[in-house]
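Residues per chain are reported as follows:
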Amino acid sequence: MTGSRDRGDTRSAVTLRVLSGGNGDGPLTDRGTLAMVIATIHAIAERNGVRVTSVGHDDDSVTIIVDGAPMVATVLAAELRRVTDAWHRGKYGSPIWDAGP
């Protein structure tokens, strides 16, 4: 997670990595799952008054950039992780996101 200044505005980024990344067949390679993750990012942000400036993704991760302090990006990511892991467990029997070290 990094924060940067742009014309006096704080922008912060956070990246979540998938559980089985690196082999090209992680959960984000499924278009429906990716669409659900992206829609959930925007829904959480809208409900909480957070402006998402960009969402980047590849087969192994999703990166969210928000207008706000690093804590704003972290909280959004935590809620995204909670909601989408629960959804993915219910639908496919496994979480999406890597728990990290």
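Every value quoted in this text rests on a predicted model; they were computed, and no experiment measured them.

Even after reading the chapter, I still don't get helix α1 (residues 31–48), so can you show me in this structure?
Because an α-helix completes one turn every 3.6 residues, residues spaced three or four positions apart along the sequence face the same direction. In a regular helix each residue adds 1.5 Å, so 18 residues correspond to 26 Å; α1 covers 26 Å between its end C-alpha atoms and thus fits that length. For α1, the set of buried residues is Thr-33, Leu-34, Val-37, Thr-40, Ile-41, Ile-44 and Ala-45. Angular distribution of buried residues about the axis of α1 spans 125 degrees; they occupy a single face of the element. Opposite the packed face of α1, turned more than 90 degrees from it, sit the exposed residues Arg-31, Glu-46 and Arg-47. Summarising the contacts, the buried residues of α1 are in contact with β3 (51–57), β4 (61–67) and α2 (70–92). Looking one or two residues beyond α1, the residue adopting positive phi is Gly-49, at roughly 70 degrees.

Can you walk me through the packing of aromatic side chains in this structure?
The geometry of an aromatic ring pair is captured by two quantities: the separation of the ring centres and the angle between the planes. Counted by the stated rule, this structure contains one aromatic pair. Where Trp-87 meets Tyr-92, the ring centres are 6.1 Å apart and the plane angle is 85 degrees; that geometry is what we call edge-to-face. Classification of Tyr-92 by relative accessible area gives partly exposed; the value is 43%.

The rules behind these values
- Residues numbered from 1 in each chain as written.
- Predicted model: local features only at pLDDT ≥ 70, side-chain atom pairs only at ≥ 80, totals over all residues.
- Heavy atoms only, no water.
- Helix = DSSP H or I, 4+ residues; strand = E, 2+ residues; numbered from the N terminus.
- Expected span 1.5 Å × (residues − 1).
- Buried < 20%, exposed > 50% of the residue type's maximum accessible area, 1.4 Å probe, protein only.
- Arc of directions from axis to C-beta.
- Contact = heavy atoms within 4.5 Å.
- Phe/Tyr/Trp six-rings, centres within 6.5 Å; stacked < 30°, edge-to-face > 60°.

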